[in-house]
Amino acid sequence: MGFGLLAPALTIMVLMLLLPVMALVMLSFWSQSGFDIDRSFTLENYWKLIEPSDEPTVWFGIPFYLKYPIPVILMIKSLVMSLVATIAVIGLAYPMAYFVAFRVRGNKAFWIILLTIPFWTSYLLRVFSWKIVLGFNGAINSGLMYLGLIDAPLEFLLYNPTAVIITLAHSWVAFAVLPIYVSLEKIDRSLLEAAADLGDSRWQRFWRITLPLSAPGTIAASLLVFIPTVGDYVTPTLVGGPGGTMIGSLVQLLFLRQDNAPLGSAVSIAMMLVIAVLVALLLWAIGYRKMRARRS
Amino acid sequence: MWKRLDGLWIYAVAFIAFIYGPVLLMPLFSLNDSTFATFPLAGFTLRHYGEMFQNQSMMAAVLNSLKIAVIVSLLSTALAVPASLALTRYKLPGGGPIVGFMMLPLVIPSIVIAVALLVIILKFLGIQLSLWTVAAGHILICIPFSMTVLMARLEGFDPSLEEASRDLGCSGWTTFWRVTFPLAMPGVISSLLLGFIISFDEFVIAFFLTGTENTLPVYLYSQLRFPNKLPGTLALGTLILCGSAILVIIAEVIRKRGVQSGNPGDI
């Protein structure tokens, strides 16, 4: 009975998620020859991602001894940019979540809805709004010129990795508040009272009770931000410019412009594997399972 | 406590200003009588809105997006209701991993979902890209959201109400329609609204999977490159933002009314 009810949705998910991802994996072991796909098994696409070369490509002072270094460099760059954005997001979201959990009385729902609305409104438009803010003819430049603080528009605002990181952080920050808020809200208030009775100061209580107990929610929030932003495509395309491209831009390029779907598939699969391995390592390193078990 | 004005309060207000500020520039500049989004403001006008409605290709894109969003929200909710019921009411072996699998679209970057669907559609099945392929992709990403909302709702009310109905002689089907479904109604409505918004605003999957016809975000994206089209784009963006905000508020308010859940995770 239970499986009968589950079957339609599960079937759709298997047909439209599992099979396509398997198709993507298969394609990554095939190769492109002209307009056709050569369906004989090959590791060529993956080899291409790591094929060594004697001539190093230097990027930020790091030499890459690779024939086709773009995917590896973009992957590292995407990971670093997402990591910075994630740290910024958590740093900004945590005090907000703390505020809603501990300071707001009565109309928490109002604040939650206020924080939820931006997440549901068009991602494309939220990213685009930063183009209006930071652009050459944008709000900051025209505003500063109007006030007479600068004579010519500042060109360093838009089309660089910093603009991408700011935009990513802005797009995801409201989303990160919710999981942190939930874990803060679940904290038994009597623990804080007990600590206060036993003479802990406000900071001691925060460091020894609130922060450790809210760690699972905070980690969940950082993963919910980090994982999708690594592969983001909209933000680097709209505000990144040539210097702010990320790995998602390469996938788009390989599929839609260079018509090399097998290589694009290999890049996508490699990207997902790298993210999965990094996340698994992180969770293992901090003992997430134990942390959650202790909480409940 | 409520009135206490301290650092945290100032921070909260600054935070809200930060997340809303850039987005609110869009309505501001859309009412500005100028082709550029710059300060100082030139004067109030509504002409960008008027011009927008004359734009045939934009209206076609609006219609396409509406069609897809309605179909997607209905289908993903229709699929998610029985699935959530199964996962909350029956102790299914492997229930945990199944939920985990169904939530996967939330953490897979949408570009990977898009190219995976593109590959199977074009290289394996040989189907033409169209608005239907976009809708299929959107159903996939809406199901996890619908399930989250519905499962929270179904866990939020007392299962003994259903047991009472069965004890009083109702069949499983009657119990569902007369007890479970009305109680789950707020969840169903917010699942419908959220599915609609997700599909209506989704860009990456639509960009990869659409054929010759545009959805609204894809159309909008194509317009972003032309500086002289900026005011029209801003006007359209403003309308989309207002529409989504209203729908989200309705969805959230409906979801919070009625049966109060003791679970703070159910927000």
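Now for a look at the structure at hand.

Definitions and limits used
Residues numbered from 1 in each chain as written. Chains lettered and ligands numbered in written order. Predicted model: local features only at pLDDT ≥ 70, side-chain atom pairs only at ≥ 80, totals over all residues. Heavy atoms only, no water. Contact = heavy atoms within 4.5 Å. Buried area = accessible area lost by both parts, 1.4 Å probe. Salt bridge = Lys/Arg side-chain N within 4 Å of Asp/Glu carboxyl O. Polar contact = N/O pair within 3.5 Å; in protein donor to acceptor, adjacent residues only side chain to side chain. Helix = DSSP H or I, 4+ residues; strand = E, 2+ residues; numbered from the N terminus. Nonpolar A, V, L, I, M, F, W, Y, C, P; charged D, E, K, R; others polar. Phe/Tyr/Trp six-rings, centres within 6.5 Å; stacked < 30°, edge-to-face > 60°. Lys NZ or Arg CZ within 6 Å of the ring centre and 35° of its normal. Axes fitted to C-alpha atoms, helices over the stretch in contact; angles between N-to-C directions. Parallel < 35°, antiparallel > 145°, perpendicular 65-115°, else oblique. Left-handed = near helix turned anticlockwise from the far one by under 90°. Pairing = 2+ DSSP bridges. Buried < 20%, exposed > 50% of the residue type's maximum accessible area, 1.4 Å probe, protein only.

For the rest of this paragraph, the subject is the interface of chain B and chain A. Contacts between the two partners involve 85 residues from chain B and, on the opposite side, 91 residues from chain A. The junction of chain B with chain A conceals about 7800 Å² of combined surface from both sides, 85% of it contributed by carbon and sulfur atoms. Its largest share of buried area at the contact with chain A, chain B owes to Leu-8, Phe-101 and Lys-123 of chain B, together 8% of the area lost on that side. In this structure, the connection of chain B to chain A is made through 0 salt bridges. There are 6 residue pairs in polar contact (both at pLDDT 80 or more) connecting chain B and chain A. With 14 residues, the top contributor of residues to the side of chain B that touches chain A is helix H1 (residues 7-30) of chain B. The class makeup of the residues in the side of chain B that touches chain A is 72 nonpolar, 7 polar and 6 charged.

Next up on the list: the side chain of Thr-88 of chain B. Residues and elements named next belong to chain B. Here Thr-88 is to be found in helix H3 (residues 56-89). Reaching out from Thr-88, the side chain makes a polar contact with the backbone oxygen of Ser-84 at a distance of 2.7 Å. Non-local contacts of Thr-88, meaning those with residues more than four positions away in its chain, are made with Met-151, Leu-154 and Glu-155.

Here the structure, examined in full by the defined rule, presents 33 aromatic pairs over all chains. Taking 6.0 Å as the distance between ring centres and 80 degrees as the angle between the ring planes, the aromatic pair formed by Tyr-94 of chain A and Phe-206 of chain A counts as edge-to-face. With Tyr-94 of chain A in helix H3 (residues 70-103) and Phe-206 of chain A in helix H9 (residues 202-230), this pair connects stretches of sequence that are 112 residues apart. One aromatic cluster in this structure is built from Tyr-94, Tyr-98, Phe-102, Trp-203, Phe-206 and Trp-207 of chain A. Positioned over the ring face of Phe-124 of chain B is Arg-39 of chain A, at 5.7 Å from the centre of the ring. In this arrangement the basic side chain of Lys-48 of chain A is found over the ring face of Tyr-68 of chain A, its NZ or CZ atom lying 5.6 Å from the centre.

Right, let's talk about the packing of helix H7 (residues 161-185) of chain A against H9 of chain A for a bit. Residues and elements named next belong to chain A. Across the interface, H7 lies against H9 with an axial gap of 8 Å and an inter-helix angle of 150 degrees. Our classification of the angle between H7 and H9 gives roughly antiparallel. Between H7 and H9 lies a crossing whose hand is right-handed. Where H7 abuts H9, its residues Leu-168, Trp-172, Phe-175, Ala-176, Pro-179, Ile-180, Ser-183 and Leu-184 lie against Thr-210, Leu-213, Ser-214, Gly-217, Thr-218, Ala-221, Leu-224, Val-225, Pro-228 and Thr-229. Across the contact of H7 with H9, the residue classes tally to 12 nonpolar, 6 polar and no charged.

All right, on to the pairing of strand S3 (residues 52-59) of chain A then. Residue and element names in this part refer to chain A. Looking at chain direction, S3 and strand S4 (residues 62-66) are connected through 4 bridges and run antiparallel. The residue bridging Thr-57 from the neighbouring strand is Phe-64, located in S4. Counted between consecutive antiparallel strands, the loop separating S3 from S4 contains 2 residues, among which Phe-60 sits at a positive phi close to 55 degrees.

All names here are of chain A. Looking at where Thr-235 falls in the secondary structure, it is placed in helix H10 (residues 234-240). Taking the relative accessible area as the measure of exposure, Thr-235 reaches 0% and is therefore buried. Within the structure, Thr-235 has its side chain in polar contact with the side chain of Asp-232 (distance 2.6 Å). Apart from the residues lying within four places of it in its own chain, the contact partners of Thr-235 are Tyr-123, Val-127, Val-164, Thr-167, Leu-168 and Gly-240.

Evaluated as defined, the whole model comprises 4 salt bridges over all chains. One salt bridge connects Arg-208 of chain A with Asp-200 of chain A, and the closest N-O pair in it is separated by 3.7 Å. Using a relative accessible area of 57% as the deciding quantity, one classes Arg-208 of chain A as exposed. Measuring nitrogen to oxygen at the nearest pair gives 2.6 Å for the salt bridge that ties Arg-89 of chain B to Glu-162 of chain B. Highlighted residues: Arg-89 of chain B in helix H3 and Glu-162 of chain B in helix H7 (residues 160-167), separated in sequence by 73 residues. By relative accessible area, Arg-89 of chain B is classed as partly exposed at 25%. Overall, the relative accessible area of 11% leaves Glu-162 of chain B in the buried class.

Residues and elements named next belong to chain A. Of note in the backbone geometry, Phe-60 takes a positive phi value of approximately 55 degrees without being a glycine. Following the sequence through the fold, Phe-60 ends up in the loop between S3 and S4. One non-glycine residue with positive phi stands out, namely Asp-259, at about 50 degrees. Residue position: Asp-259 is located in the loop between helix H11 (247-257) and helix H12 (261-286).

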